[in-house]
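# Reading the structure
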Amino acid sequence: MKPLVFTLKQEPGQRLDLAPLVPHLLDGKSVKDIAALELQTTREKVTTGDIFKIRTGSVDSIRFEGGSTHLDNIGLGVKAGEVVVEGDCGKAPGRAMSGGNLVVNGDCGPFAGSAMSGGRLEIAGDAGDFLGGPLEGEMEGMTGGLLIVRGNAGARAGDRLRRGTMVIEGSAGDYPGSRMIAGTLIVLKECGILPGYLMRRGTIVLANPPELAPTFADCGEHDLAFAKVFSNLLRPESRAAARLLVRPLIRFAGDMAALGKGEIFLPA
Amino acid sequence: MRPMKKNGVRIDDSFAEAFPMRGTAILITAPNRRWARQAATTMTGFATSVIGCGAEAGIDCERVGKDTPDGRPGVRVLMFAMSSDTLQTQLVNRAGQCVLTSPGSACFADLDGPDRLPIGDQLRYFGDGWQISKKFGDRHFWRIPVMDGEFLCEATTGLTKKAVGGGNLLLMGATPGTTMRAAELAVSAMNGVEGVILPFPGGIVRSGSKVGSKYKAMLASTNDAYCPTLRGAVPTKLDEDIGCVLEIVIDGLTEDAVAEAMRAGLAAIVKLGPEHGAVRVGAGNYGGKLGPFHFHLKDLLP
């Protein structure tokens with residue numbers, strides 16, 4: 001299957017909203033139709049054709065050759081198919097996606113995977129703040145699927161996480177898993193202050209934990225079947241996460257300042 | 001007509017008549033083989049016949065750690081019942097009383113399919129609010145805190161409406177000793193077939209029944225035509241050289257699995273020969289009008 005390729009001509013002069021360039025919205029459109037789609041966020045009109053050289057192919061596999069931190073909302077609401085970005089993205093790649101696969105071979109801005117409910121988002125570089133988190137006014141962040149960051153993530157990764165699995169292979173900023181409702185967040189390198197701040201339910205696994213808040217209660221070291229199952233399920237996606245989960249883990253219950261049914265696991 | 005003979009064993013020109021059932025499969029794991037087997041054995045106890053036990057259940061096979069979701073040794077259990085509702089009730093009751101209670105156990109779905117039976121979705125209430133739901137991809141687990149740690153249980157398992165119950169072989173031998181030997185060899189051959197269970201004790205039943213009874217309250221009663229002690233007193237089905245009859249009943253997730261098991265059993269019986277084993281093999285049926293699945297012995301011979 002030949003992919004539909006968008007090759008970036010030059011760094012855009014304004015922030016662009018790439019929300020229209022997703023498989024389900026491009027289905028049935030000719031290259032000419034696609035070239036005419038408007039992407040601007042300022043008063044200066046810019047079409048897809050102005051920004052990208054377009055090479056025709058199946059909309060089920062979209063490829064961006066070259067990226068920029070000005071390219072926002074890549075893969076917004078993707079339901080199925082594959083989107084690959086060879087370069088950086090701006091804010092909120094993979095926001096509200098419910099299926100399919102989005103791969104960013106570069107860094108991205110804040111709100112990556114924001115409120116995604118399914119599918120798979122992989123970020124090869126670093127992610128900004130509020131990874132998977134809700135936008136202003138929304139009640140829930142990520143509610144399903146798998147989100148993997150190979151590099152580092154900013155502050156408040158997994159804010160209001162409700163369901164799904166988030167793996168940060170690098171380090172996380174301050175307050176990872178803040179206000180978590182449920183779901184799973186794994187951080188393999190360092191993380192900033194107060195992980196799981198005000199979390200209600202859910203699971204956070206930290207390979208190199210900072211000092212936990214006093215509102216997390218030590219429940220002791222345990223060897224849990226569920227960690228082994230998750231290790232096996234995660235192995236194809238992140239070998240390092242799989243290795244962390246088979247280690248003996250100490251369970252801390254919290255945040256007792258909120259509901260207190262969440263947990264943070266640390267290696268024993 | 002001269003009877004079919006294979007290696008000296010007479011094979012009846014008959015067939016086993018089997019019925020559609022609802023079936024399901026789960027995988028029970030534990031810290032070691034012993035406790036995985038223990039949970040599975042307990043769960044499949046008192047599950048020989050739907051007539052009195054609610055369900056028919058048994059151990060299908062064992063799995064080593066690298067083939068189980070949590071890397072621990074496991075045992076695959078199959079359960080069968082006549083309706084989805086009964087199967088559901090039996091599955092949850094048995095998992096709740098026998099697997100949840102067994103030290104170190106975990107319980108996983110082991111049958112794919114669109115029709116689902118809740119297990120963890122029901123047992124989770126034991127957690128009294130401390131149960132934890134975990135989803136990964138399309139799999140959903142419940143973690144229930146228990147006194148030795150956590151009971152991990154998949155939310156649902158698959159249900160098949162294509163299961164087949166009541167495949168059978170009737171082994172007729174000169175003495176209980178030789179008949180038992182043939183039956184034991186057949187059982188061990190049939191246990192090697194995946195997707196089937198032999199629900200009776202050790203796979204063997206000695207009290208085959210016929211439909212009806214002289215007593216009004218009894219729906220089924222002893223199959224007098226196959227009782228060797230009544231050979232001269234009733235219209236018997238037994239020849240003069242037969243002093244013992246044992247039956248092997250087979251339930252399977254598919255029609256093919258049941259046929260495969262009967263084929264394996266027949267092969268073992270024929271290989272042993274009449275001298276030290278069964279002199280004749282038959283199969284139980286009701287004239288072919290009740291059950292839609294007919295397994296003809298002549299088609300399954302080695």
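Scoring rules and cut-offs
- Numbers given for residues are sequential positions, taken from 1 along each chain in its written order.
- Think of it this way: whatever chain is written first is A, whatever ligand is written first is 1, and the rest follow in order.
- The predicted nature of this model means local features are confined to residues of pLDDT at least 70 and side-chain atom pairs, given and counted, to a pLDDT of 80 or more, with totals for whole chains, interfaces and linings taken over all residues.
- Numbered from the N terminus, helices here are DSSP runs of H or I no shorter than four residues, and strands are runs of E no shorter than two.
- Here the globule rule reads 2.2 Å times residues to the power 0.38, and the radius of gyration is calculated from C-alpha atoms.
- The axes are straight lines fitted to the C-alpha atoms, using for helices just the contacting stretch, and the angles between their N-to-C directions are given from 0 to 180°.
- Angles below 35 degrees are treated as roughly parallel, those above 145 as roughly antiparallel, those between 65 and 115 as roughly perpendicular, and all remaining angles as oblique.
- Note: crossing handedness is left-handed where the near helix turns anticlockwise from the far helix by less than a right angle, and right-handed where it turns clockwise.
- C-beta atoms are first placed from the backbone for all residues, and any pair lying within 7 Å is then listed as a contact.
- All amino acids are sorted into three groups, where Ala, Val, Leu, Ile, Met, Phe, Trp, Tyr, Cys and Pro are nonpolar, Asp, Glu, Lys and Arg are charged, and the leftover types, Gly among them, are polar.
- Once C-beta atoms are placed from the backbone, each residue is buried if 20 or more other C-beta atoms lie within 10 Å of its own, exposed if 12 or fewer, and partly exposed for counts between those two.
- In plain words, the nonpolar core is the set of buried Ala, Val, Leu, Ile, Met, Phe, Trp, Tyr and Cys residues that C-beta atoms within 7 Å link up.
- Pairing between two strands requires that DSSP report at least two bridges joining them.

### Observations concerning the overall build of chain A
On a plain count of helices and strands, chain A comes out with five helices and 15 strands. The C-alpha radius of gyration computed for chain A amounts to 19 Å, which stays within 12% of the reference 18 Å derived for 268 residues, consistent with globular compactness. For chain A, the spread of C-alpha atoms along the principal axes amounts to about 60 × 35 × 25 Å.

### Quick notes on the packing of helix α1 (residues 33-43) of chain B against helix α3 (residues 84-99) of chain B
All names here are of chain B. For the pair α1 and α3, the least separation of the axes is 9 Å and the interaxial angle reads 135°. With respect to α3, the axis of α1 lies oblique. α1 and α3 meet at a crossing whose hand is right-handed. Contacts between α1 and α3 pair Ala 39, Thr 42 and Met 43 from the former with Arg 94, Ala 95, Cys 98 and Val 99 from the latter. The residue inventory of the contact of α1 with α3, partitioned by class, reads five nonpolar, one polar and one charged.

### Observations regarding the packing of helix α5 (residues 176-190) of chain B against helix α6 (residues 255-272) of chain B
Residue and element names in this part refer to chain B. Their axes nearest at 8 Å, the elements α5 and α6 cross at an angle of 140°. By the criterion of interaxial angle, the relationship of α5 to α6 is oblique. In this structure, α5 meets α6 at a crossing whose hand is right-handed. Of α6, the residues touching α5 (which contributes Arg 181, Ala 182, Leu 185, Ala 186, Ala 189 and Met 190) are Ala 261, Ala 264, Gly 265, Ala 267, Ala 268, Ile 269 and Leu 272. For the contact of α5 with α6, the per-class residue count stands at 11 nonpolar, one polar and one charged.

### Things to note about the interface of chain A and chain B
Between chain A and chain B, the residue contacts involve 11 residues of the former and 12 residues of the latter. When its residues are assigned to classes, the side of chain A that touches chain B shows six nonpolar, three polar and two charged.

### Side note on helix α4 (residues 225-234) of chain A
For an α-helix, the turn length of 3.6 residues means that residues three or four places apart are oriented alike. Burial within α4(A) is extensive, with eight of its 10 residues counted as buried. Turning to α4(A), its buried residues are A:Ala225, A:Phe226, A:Ala227, A:Lys228, A:Val229, A:Phe230, A:Ser231 and A:Leu234. Of the surrounding secondary structure, the elements contacted by the buried residues of α4(A) are α5 (239-245) and β14 (249-254) of chain A together with β6 (106-109), β8 (132-136), β9 (139-146) and β10 (149-154) of chain B.

### Details of the nonpolar core
Of all hydrophobic cores here, the largest spans 167 residues; its most connected members are B:Ile28, B:Leu171, B:Ala186 and B:Ile269. Residue contributions to this core peak at 11 residues, all from α6(B).

### Considering the pairing of β8(B)
Residue and element names in this part refer to chain B. Bridge count for β8 against β9 is five bridges, and the pairing is antiparallel. By the bridge assignment for β9, Ser 133 is matched with Trp 142. Counting the residues that bridge the hairpin from β8 to β9 gives two residues, and of these Gly 137 lies at a positive phi of roughly 60°.

### Describing the environment of A:Ala153
Residues and elements named next belong to chain A. Its place among the elements puts Ala 153 in the loop between β9 (143-149) and β10 (163-168). By the C-beta count within 10 Å, which is 30 here, Ala 153 ends up buried. C-alpha of Ala 153 to C-alpha of Pro 110: the two residues are 43 residues apart in sequence and 9.1 Å apart in space. In this structure Ala 153 touches Ala 127, Leu 131, Ile 168, Ala 172 and Gly 173, once residues within four positions along its chain are discounted.

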